[in-house]
Amino acid sequence: MTSHIKKVWKITKCPECGSDDLVEDHDRGEIICQSCGIVTNENVMDRGPEWRAFTKEERESRGRVGIPISYSMHDKGLSTVIDRINRDAYGKQLPISTRLEMLRLRKWQIRTRVHSSIDRNLAQAMAELDRLTDNLHIPSQVKERAAIIYRKALDNGLVRGRSISAIAAASLYAACRATETPRTLKEVASASSVKKKDVARCYRLLLRELDIIMPVEDPIRCVSKVASKVKIPVKTQRTAIGILGEAKQRGTVSGKDPMGLAAAALYVACVLNEVKRTQKEIAEVANVTEVTVRNRYKGLKETLKLDI
DNA sequence: TAAGATAAGAGGGACAT
DNA sequence: ATGTCAGTCTTATCTTA
């Protein structure tokens, strides 16, 4: 008896590096090179039957017809379409009960299709999150958090009409804020292809629609962050914290950028303690402009009646 | 060179229409 | 739903000490 071993042409060497350490991923229809990481999806499609038959009977019973399945379609091309012609194969009008049945089936068909579109959206978003977190060196735990936020946004229909990458970036930024992972909006935006203002808009949308309460950053907590970067002595830091506490009591801190306030308070403290730091140095590490430092500095001077 | 001043523009929140 | 307004922050440029 002749054996019916499949004759399948397969690549055995990586086209990039020549290694033969290849792994097949049948679900995705790809071949991955273990040594260089190159993924190829060429020549993987197995056009022969996926079964083996050893007798004539087996061959006949296992043989089928139909188009080859396709990996590029989300359902691998296996969907059935229920059309709207309420007639049977002979063109006869269907009885009312069957018509209602078909109506129900069509409804569910559409619903499952929506489902798969959500899946595809998620897959794309997760890929984007992967890319962003990779670029920004963000721990996976924060990424998980971002993914949860994204799913919530998707469930609430916030993604419709907006770009997936914008919402993904905004979710990631929100996750960073929530976990106190120090990444600025600017950094997140520049890692993604979305403009900063769009990420900011989506971020606010997330906070509003998902009722996320984000703790407002306390300028006092920013002081040490900024101070450590420009090596300002602890004593001067304490002066700055005192200044901020005083300003807070007089209610002149709300609505201001906490980093700007911290920077200005530090600058004042430096002047008072005769620590030589320029506005520029402090503004730079606080990620605000000199002008902002000056404006806050002016405000602090007024509210505290300082003469410098 | 550091600090201050000024102007123009962006973007969003509050509020009225 | 849309427009206006006050306030914030940024960028850029010029002046002052």
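Looking at DNA strand C, the residues that line it are Gly255, Lys256, Asp257, Thr289, Val291, Thr292 and Arg296. Within 4 Å of the protein, atoms of DNA strand C come from sugar and phosphate in 76% of cases. One of the backbone nitrogen or oxygen atoms of Asp257 is found 2.4 Å away from a phosphate oxygen of DNA strand C. In this structure, Thr292 approaches DNA strand C through a side-chain N or O atom, which is 2.3 Å from a phosphate oxygen. For the surface near DNA strand C, a count of residues per class yields 1 nonpolar, 3 polar and 3 charged.

Taken together, the neighbourhood of DNA strand B is formed by Lys197, Arg201, Arg204, Tyr267, Thr278, Gln279, Arg294 and Tyr297. Each atom of DNA strand B within 4 Å of the protein belongs either to a base or to sugar and phosphate, the latter forming 88%. Note that a phosphate oxygen of DNA strand B is positioned 3.4 Å from one of the side-chain N or O atoms of Arg201. Take Tyr267: an N or O atom from its side chain is 3.4 Å from a phosphate oxygen of DNA strand B. Every element with two or more residues in the surface near DNA strand B is listed here: helix H6 (196-209) and helix H11 (290-304).

As a further point, take the nonpolar core. Membership of the largest hydrophobic core comes to 39 residues, with the highest contact counts inside it found for Tyr150, Ala153, Val159, Ile167, Leu172, Val199 and Leu206. For this core, the elements supplying multiple residues, two or more each, are helix H2 (96-136), helix H3 (140-155), helix H4 (164-178), helix H5 (185-191) and H6. In terms of residues, this core owes the most to one element, H4, which gives 11 residues. Leaving out residues up to four positions away in the same chain, Ala153 has contacts with Leu158, Val159, Ile167, Leu206 and Leu210. Ala227, Leu244, Ala247 and Ala269 belong to the second largest nonpolar core, which has 32 residues in total.

This paragraph deals with the pattern of salt bridges. Two side chains that carry opposite charge are able to pair once their charged atoms sit near each other. All told, the structure shown has 9 salt bridges when counted by the stated rule. Ionic pairing is found between Glu101 and Arg104, a salt bridge with its closest N-O pair at 2.7 Å. Pair noted here: Glu101 and Arg104 are both in helix H2, with a separation of 3 residues, about one helical turn. Its relative accessible area of 46% is what places Arg104 among the partly exposed residues. Residues Arg131 and Glu128 are paired through a salt bridge, measuring 3.2 Å at the closest nitrogen-oxygen approach.

Turning to the layout of surface pockets, a few remarks are in order. The volume enclosed by the largest pocket comes to roughly 1300 Å³. Forming the boundary of the largest pocket are 37 residues, of which Tyr173, Arg177, Thr184, Glu217 and Met259 lie nearest the centre. Secondary structure elements with two or more residues in the lining of the largest pocket: H4, H5, H6, helix H7 (219-229), helix H9 (258-272) and helix H10 (279-286). Residues belonging to the lining of the largest pocket are distributed by class as follows: 18 nonpolar, 4 polar and 15 charged. Two domains each provide a minimum of three residues to the lining of the largest pocket, namely domain 2 (115-209) and domain 3 (219-304).

Reading the values: the criteria
Residues numbered from 1 in each chain as written. Chains lettered and ligands numbered in written order. Predicted model: local features only at pLDDT ≥ 70, side-chain atom pairs only at ≥ 80, totals over all residues. Heavy atoms only, no water. Near = heavy atom within 4 Å. Polar contact = N/O pair within 3.5 Å; in protein donor to acceptor, adjacent residues only side chain to side chain. Nonpolar A, V, L, I, M, F, W, Y, C, P; charged D, E, K, R; others polar. Helix = DSSP H or I, 4+ residues; strand = E, 2+ residues; numbered from the N terminus. Core = buried A, V, L, I, M, F, W, Y, C linked by side-chain atoms within 4.5 Å. Buried < 20%, exposed > 50% of the residue type's maximum accessible area, 1.4 Å probe, protein only. Contact = heavy atoms within 4.5 Å. Salt bridge = Lys/Arg side-chain N within 4 Å of Asp/Glu carboxyl O. 1 Å grid on protein atoms, 1.4 Å probe; cavity = no way out; pocket = protein on both sides within 12 Å on 5 of 7 lines; lining within 4 Å. Points joined across faces, edges and corners; volume = space filled by probe spheres on them. Domains from an automatic or database assignment.

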